[in-house]
Amino acid sequence: MNTVAAYSIKGGVGKTAFAVNFAYACAQLGRRTLLLDLDPQGASSFYFRIRPPEKLKGRKLMAGKQPLLDFVRESDYPNLDILPAKLSFRHFDHVLAEANKPLAQLRQLLKPLAETYDLAVVDAPPNLNLLSENILHATDAIVSPVVPTPLSANTLGQLTEFLEEHLAERTPEFLPFFSMVESRKRLHRDTMCDLRAQYPAFLRTIIPYSTDVERMGLSRSPLLATRPSTPAAKAFAQLASEILRAL
Ligand SMILES: Nc1ncnc2c1ncn2[C@@H]1O[C@H](COP(=O)(O)OP(=O)(O)OP(=O)(O)O)[C@@H](O)[C@H]1O
Ligand SMILES: [Mg+2]
């Protein structure tokens with residue numbers, strides 16, 4: 001099983017939009033896919049119209065006292081299941097701080113999934129806390145949306161520094177991509193040029209800024225499922241192929 005995390009220290013950069021469309025694209029390609037919504041906001045769960053089960057408790061789940069597979073739900077699409085998020089997932093850090101191996105707890109919890117799934121996609125909340133570190137330690141690839149502005153460049157520097165310092169022994173693929181790009185803006189064009197020169201790992205595919213992506217909140221389904229011929233959907237499909245090639 002491959003594990004891919006949609007992760008950035010920054011909020012609102014397109015992690016969930018990516019995770020939802022990537023998970024859908026992979027499932028369409030025949031991979032048995034599980035999307036784990038680990039963000040208490042539950043945006044991925046919202047897009048797939050999946051409500052978390054009453055019995056699911058954030059603390060118990062992260063402590064390993066509730067088997068993760070018990071709370072996985074089928075989506076409306078073949079090969080694609082979801083672990084829906086709950087507000088109680090906000091307690092994850094407290095549990096992790098008390099775990100035997102505070103950095104490896106999530107990796108441990110994901111192990112049994114390998115029997116059922118080819119791919120686990122983690123929709124991570126923004127931040128750099130203990131949960132983030134667990135996610136970084138559990139994944140084969142960190143896919144990180146970057147909006148091409150100077151502030152994002154700064155955050156990207158912080159993340160790469162962190163990865164070099166703390167994940168030197170077990171380095172996951174670091175795959176940043178440009179998100180919410182407005183090509184008519186010179187600042188975006190110039191920042192992309194600078195960042196590509198600085199970080200050769202940047203994926204070639206660019207996700208444009210598009211109202212079609214925002215409309216996913218109305219359709220509550222992946223853009224690739226509802227409007228696959230839109231430029232943004234085509235970009236998500238291309239991005240998925242590029243990532244699968246990199247794994
Ligand atoms: N390519 C895009 N074009 C236009 N709007 C977008 C695009 N990608 C995401 N958005 C919108 O921007 C907002 C944030 O996107 P999203 O939820 O995917 O980001 P996020 O990084 O997961 O945020 P958070 O850190 O809160 O989890 C949403 O309203 C979404 O509809
Ligand atoms: Mg999100």
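The preceding data block contains the structure.
Please read all numbers here as calculations on a predicted model, not as lab measurements. (Residues numbered from 1 in each chain as written. Chains lettered and ligands numbered in written order. Predicted model: local features only at pLDDT ≥ 70, side-chain atom pairs only at ≥ 80, totals over all residues. Heavy atoms only, no water.)

Looking now at the nonpolar core. Membership of the largest hydrophobic core comes to 44 residues, with the highest contact counts inside it found for Leu36, Leu38, Leu61, Met62, Leu68, Leu83 and Ile135. The residues contacting Leu83, other than those within four sequence positions of it, are Leu34, Leu35, Leu36, Asp37, Leu38, Leu61, Leu68, Phe71 and Val72. Judged by nonpolar contacts, the second largest core, of 39 residues, contains Tyr24, Ala27, Leu80 and Leu119. (Core = buried A, V, L, I, M, F, W, Y, C linked by side-chain atoms within 4.5 Å. Buried < 20%, exposed > 50% of the residue type's maximum accessible area, 1.4 Å probe, protein only. Contact = heavy atoms within 4.5 Å.)

This part is about the site of ligand 1. The local shell around ligand 1 holds 18 residues, among which Lys15, Thr16, Ala17, Pro208 and Ser210 are the closest. Between ligand 1 and Asp39 there is a distance of 3.4 Å, counted from an oxygen atom to a side-chain nitrogen or oxygen. Within the backbone of Ser210, an N or O atom sits 2.8 Å from a nitrogen atom of ligand 1. Within the complex, the protein chains bury 82% of what would otherwise be the 620 Å² of accessible surface of ligand 1. (Near = heavy atom within 4 Å. Polar contact = N/O pair within 3.5 Å; in protein donor to acceptor, adjacent residues only side chain to side chain. Areas by Shrake-Rupley, 256 points an atom, 1.4 Å probe, with all protein chains shown as cover.)

It is worth spelling out the packing of aromatic side chains at this point. Scanning the entire structure with this criterion turns up 8 aromatic pairs. Between Phe48 and Tyr77, the ring centres sit 6.1 Å apart and the planes meet at 75°, which makes this aromatic pair edge-to-face. One end of the pair, Phe48, is in the loop between helix H2 (43–47) and helix H3 (58–63); the other, Tyr77, is in the loop between strand S3 (73–74) and strand S4 (80–83), and 29 residues separate them in sequence. You'll find Phe48 and Tyr77 in the same group, each marked buried. Taking the ring centre of Phe46 as reference, the NZ or CZ of Arg220 above it sits at 3.9 Å. (Phe/Tyr/Trp six-rings, centres within 6.5 Å; stacked < 30°, edge-to-face > 60°. Helix = DSSP H or I, 4+ residues; strand = E, 2+ residues; numbered from the N terminus. Lys NZ or Arg CZ within 6 Å of the ring centre and 35° of its normal.)

Residue position: His91 is located in the loop between S4 and helix H4 (92–97). Take His91: its relative accessible area is 17%, and that puts it in the buried class. A distance of 3.4 Å separates polar atoms of two side chains, one belonging to His91 and the other to Arg59.

Once that is clear, we can look at the sheet that holds strand S1 (residues 2–6). Ordered in space as S3-S4-S2-S5-S1-S6-S7-S8, the 8 strands form an open sheet in which the pairing is mixed. At either margin of the open sheet sits one strand with a lone partner, and together these are S3 and strand S8 (206–208). Of the strands in this sheet, strand S6 (141–146) and strand S7 (173–181) are in contact with helix H7 (residues 150–166), which crosses S7 at around 170°. Its contacts with the sheet put helix H12 (residues 231–246) on S6, S7 and S8, and the angle it makes with S8 is roughly 160°. (Pairing = 2+ DSSP bridges. Axes fitted to C-alpha atoms, helices over the stretch in contact; angles between N-to-C directions.)

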